[in-house]
Amino acid sequence: MKRTAEQNAMLFNEKFINYEDYWMDKLLGSTMATELMPDFKVKAQQSSKGEFEIKINDSLKAKLSKLSKNSDLPLYIIVLTALKCLFYSYTENEDTLLYSPIYEPNKGSETINEIVAVRDLLNKNMTFKECLLAVRKTVLEAYDNQDYPIDKIVEQLDWNNVSGDNMLFNIICLLDSI
C-alpha cells in the first residue's frame, strides 16, 4: 500500500506511536492467524481460500437478538465470540486471531484500514460469559487503535515473509444481516 507524505508524517506523531505500541504489544508473538486444517486433501493448484456463509434459523436469530438487547454486548460481539470459541474447540489453540471489519471509523479521521485484528487468549476454564467480556474488551481496544496502518503492522512483524502469503487476512468475521 502506497502512503502519501502526509500519512507517513502522521506515523511519527504521538497518537500514532501509541497506536503502534498497542498493536506491537497485542500481536507480537502471535501465531499470525487462526487456521483450520481441512478435512479433505487440497490439490496443489486448488486454493483453500474461500467464503463460508452460515445461515442462522429464525429461532436462533430471535434468541441472539434477545441476548444482545438485554445486555451491553452488540450482536456482532456475540457472534465473533462464538466463532472464536468454535475455532478454539476445533484447534485447541488458545491464541485466536481473527479479523473484524471496521463498522464505525473514528470520527474526524481518515479511514486508513477496513479491518482490525482481534487477538484473544482463550482457555478451557473460561466460561462463555468470560470469553464474551474478553472479546468485547479486545474489539473495543482494536477499534480505539484502528488508525494505525495495517501494512505497517505486517511489515514490522515480518508476517509477509513467513509463507510468501500475507497471513494477516486469514479469517474475517463479517455479520451481514440478522
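Caption draft 1: Molecular detail of the overall build of the protein. Helix and strand content of the protein: six helices and two strands. Taken from N to C terminus, the helices and strands of the protein fall in the order α-α-α-α-β-β-α-α. Counting only residues that meet the buried cut, the protein has 37% of its 178 residues in that class. Expressed as a percentage of contacts within the protein between residues at least 6 apart in sequence, the contacts between residues at least 24 apart total 74%. A total accessible area of about 11,800 Å² is found for the protein, and carbon and sulfur atoms account for 53% of it.

Caption draft 2: Structural context of the environment of Phe-128. Tracing the backbone shows Phe-128 in helix α5 (residues 128-144). Relative accessible area serves as the criterion here: at 37%, Phe-128 is assigned to the partly exposed category. The spatial distance from the C-alpha of Phe-128 to the C-alpha of Cys-85 is 8.2 Å, given a sequence separation of 43 residues. If sequence neighbours within four positions are ignored, Phe-128 has contacts with Ile-78, Thr-81, Ala-82 and Cys-85.

Caption draft 3: Up close: the packing of aromatic side chains. Summed over all chains, the structure comprises two aromatic pairs. Ring centres 5.3 Å apart and planes at 75 degrees place the aromatic pair Phe-16 and Tyr-19 in the edge-to-face group. Here Tyr-19 and Phe-16 lie together in helix α2 (residues 14-27), a separation of three residues that amounts to about one turn. Considered together, Phe-16 and Tyr-19 belong to a single accessibility category, that of buried residues.

Caption draft 4: Broad picture of the side chain of Thr-81. When you line up the elements, Thr-81 lands in helix α4 (residues 75-91). Overall, the relative accessible area of 0% leaves Thr-81 in the buried class. Among residues more than four places away in sequence, those in contact with Thr-81 are Phe-128, Cys-131, Leu-132 and Val-135.

Caption draft 5: Local environment of helix α3 (residues 58-69). Between the first and last C-alpha of α3 there are 16 Å, a value that for 12 residues agrees with the 16 Å anticipated at 1.5 Å per step. The opening residue of α3, the one whose side-chain oxygen lies 3.2 Å from the backbone nitrogen of Ser-59, is Asn-57.

Caption draft 6: How the structure looks around the environment of Thr-96. Tracing the chain through its elements places Thr-96 in strand β1 (residues 95-101). Separated by 22 residues in sequence, Thr-96 and Val-118 have C-alpha atoms that sit 8.0 Å apart.

Caption draft 7: Structural context of the pattern of salt bridges. Summed over all chains, the structure comprises five salt bridges. Residue Lys-61 pairs with Asp-58 through a salt bridge whose shortest N-O separation is 3.9 Å. On the criterion of helical spacing, the pair formed by Lys-61 and Asp-58 is a turn pair, its members being three residues apart in helix α3. For Lys-61, a relative accessible area of 29% translates into the label partly exposed. Ionic pairing is found between Lys-137 and Glu-141, a salt bridge with its closest N-O pair at 2.7 Å. Of the two residues, Lys-137 and Glu-141 both sit in helix α5, four residues apart, roughly one turn of that helix. A relative accessible area of 23% places Glu-141 in the partly exposed class.

Reading the values: the criteria
- Residues numbered from 1 in each chain as written.
- Predicted model: local features only at pLDDT ≥ 70, side-chain atom pairs only at ≥ 80, totals over all residues.
- Heavy atoms only, no water.
- Helix = DSSP H or I, 4+ residues; strand = E, 2+ residues; numbered from the N terminus.
- Buried < 20%, exposed > 50% of the residue type's maximum accessible area, 1.4 Å probe, protein only.
- Contact = heavy atoms within 4.5 Å.
- Areas by Shrake-Rupley, 256 points an atom, 1.4 Å probe, with all protein chains shown as cover.
- Phe/Tyr/Trp six-rings, centres within 6.5 Å; stacked < 30°, edge-to-face > 60°.
- Expected span 1.5 Å × (residues − 1).
- Polar contact = N/O pair within 3.5 Å; in protein donor to acceptor, adjacent residues only side chain to side chain.
- Salt bridge = Lys/Arg side-chain N within 4 Å of Asp/Glu carboxyl O.

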